[in-house]
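# A look at the structure
Given next are the chains, with one letter for each unit.
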Amino acid sequence: LKQFARLEQVNLRTKASIGIALMPENARTEEDLMRFADTAMYWAKTGGKDKCVVFDQSMAAQAVAKAQTIQQLESGILAGELFLVYQPKFELSSGNLVGHEALVRWNHPTRGVVYPGDFIALAEESGLILEVGNWVLERALRQMQDWHRQGHGWHRVAVNVSALQLSREDFVARVAEALVRYDVPGTYLQLEITESNLVVEVDRVKRMVHSLRALGLLVAFDDFGTGYSSLAALQQFELDILKVDRSFVSLVHTKQGEAVCRAIITLGHALGMTIIGEGVETLEQATTLAR
């Protein structure tokens, strides 16, 4: 496969991710042999592609654990095991609380509280992220309504949106219906979209973002600077908020880190965007960002 093929004056080289399973070392039946080879192939893909991987039992154990977690998550959604926590957002110039970000947690019956890093990727892989994302949106709007009824006023809440949600043609209509159902003004809902969501089907997503903003929503660019086409996305999309990724904020005490944060903030302000620093945990970080 590594040999070049000549096609119409062009040298082409085929790449392949190859999974290998052995009989009887790994498998006893033809079905197991093919299944284990398939598992090894996916390990080759996730390990950098264009390579060979030979199956071993640790792969099987992890594959089984993954399948069990997906099954448990599906059951957990139906059983009401998901819940939200609300990360506060403060205005640096005044110190005032100006909103929250809704973050999902999973109250697993045996593992306890499971954080998104341990199940969101599996939810995306299995397609369950659509159910999780829709649940988060509904639950956040209901909480906003509850706070308002309790006399706390309206609090702007940010909700993360998955690529699968954006791929649905009815997503804007679903958001609009939920706002009406919970009687929440659109101006108090903020949707956060990562770069990977923006670079797929650009024209369709641009129309969707435009329609969401027409409802009064704010749209934020999450994880800015961690992908390869962030600047292109800033030029193409109508976005209200630019979020400085936590990985940059955590290094703002260094010369290089401060320079990167300053560049992002300056760029965002030049484009008329509000800037949010993610994961501010120390007084030094807050002071440097404020400056």
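Here, the structure is the one placed above.
For every chain, the first residue of the written sequence is number 1, and numbering continues from 1 along that sequence. With the structure being a predicted model, the display of local features is reserved for residues of pLDDT at least 70 and the display and counting of side-chain atom pairs for 80 or more, all residues being used for whole-chain, interface and lining totals. By convention in this description, side-chain values take in all heavy atoms of the structure and omit both hydrogens and water.

### Here we look at the nonpolar core
Worth spelling out the cut-off: Buried Ala, Val, Leu, Ile, Met, Phe, Trp, Tyr and Cys residues form a nonpolar core when they are joined through side-chain atoms within 4.5 Å. Three exposure classes are used, based on accessible area relative to the maximum for each residue type with a 1.4 Å probe and protein chains only: buried under 20%, partly exposed in between, and exposed over 50%. Here a helix means four or more residues in a row that DSSP labels H or I, a strand means two or more in a row labelled E, and each is numbered from the N terminus. Throughout, a residue-residue contact means that at least one pair of heavy atoms, one from each residue, lies within 4.5 Å.
Counting 60 residues, the largest nonpolar core has L141 and L189 as its most contacted members. When residues of this core are assigned to their parent elements, the largest contribution, eight residues, is made by helix α4 (residues 129-149). Apart from residues no more than four positions distant in its own chain, L141 is found in contact with A178, L179, Y182, V184 and L189. Among the nonpolar cores identified, the runner-up in size contains 10 residues, and A21, A44, F55 and A60 belong to it.

### Side note on the packing of α4 against helix α6 (residues 171-182)
Applicable threshold: Axis definition: a line fitted to C-alpha atoms, limited for helices to the stretch in contact. Angles are taken between N-to-C directions and run from 0 to 180 degrees. Note on terminology: angles under 35 degrees are roughly parallel, angles over 145 are roughly antiparallel, angles of 65 to 115 are roughly perpendicular, and the others are oblique. We call a crossing left-handed when the near helix sits turned anticlockwise from the far one by less than a right angle, and right-handed when that turn is clockwise. Amino acid classes used here: Ala, Val, Leu, Ile, Met, Phe, Trp, Tyr, Cys and Pro are nonpolar; Asp, Glu, Lys and Arg are charged; the rest, including Gly, are polar.
Across the interface, α4 lies against α6 with an axial gap of 10 Å and an inter-helix angle of 25°. It follows that α4 is roughly parallel to α6 by the angle criterion. Once α4 is placed against α6, the crossing between them reads as right-handed. Contacts between α4 and α6 pair N134, L137, E138, L141, R142 and Q145 from the former with R174, V175, A178, L179, R181 and Y182 from the latter. For the contact of α4 with α6, the per-class residue count stands at six nonpolar, two polar and four charged.

### Examining the packing of aromatic side chains
The description of two aromatic rings rests on the distance between their centres and on the angle between their planes. Quick note on the threshold: Each Phe, Tyr or Trp ring (for Trp, its six-membered ring) is paired with any other whose centre lies within 6.5 Å, and the angle between the two planes then decides the class: stacked below 30 degrees, edge-to-face above 60, tilted in between.
Taken as a whole, this structure holds four aromatic pairs when the rule is applied. Here Y86 and W147 contribute two aromatic rings whose centre-to-centre distance is 5.1 Å and whose plane-to-plane angle is 65°, an arrangement assigned as edge-to-face. Of the two residues, Y86 is situated in strand β5 (residues 82-90) and W147 in helix α4; the sequence distance between them amounts to 61 residues. Judged on exposure class, the residue Y86 and its partner W147 are both buried. Taking the centre distance of 5.9 Å and the plane angle of 25° together, the rings of W154 and Y188 count as stacked. Separated by 34 residues along the polypeptide, W154 in the loop between α4 and β8 (157-160) and Y188 in the loop between α6 and β9 (189-194) bring together distant segments of the chain. Look at W154 and you get partly exposed, because its relative accessible area is 23%.

### Some points on unusual backbone geometry
In this structure, P24 follows M23 across a cis peptide bond, with omega equal to 10°. For P24, the location among the structural elements is in the loop between β3 (18-20) and α1 (30-46). Of note, K49 is a non-glycine position whose phi angle comes to about 65°, a positive value. A residue is classified by how much of its surface remains accessible, and K49, at 56% relative accessible area, is exposed. At D183, a position not held by glycine, the phi torsion is positive, near 55°. Checked against the element boundaries, D183 lands in the loop between α6 and β9.

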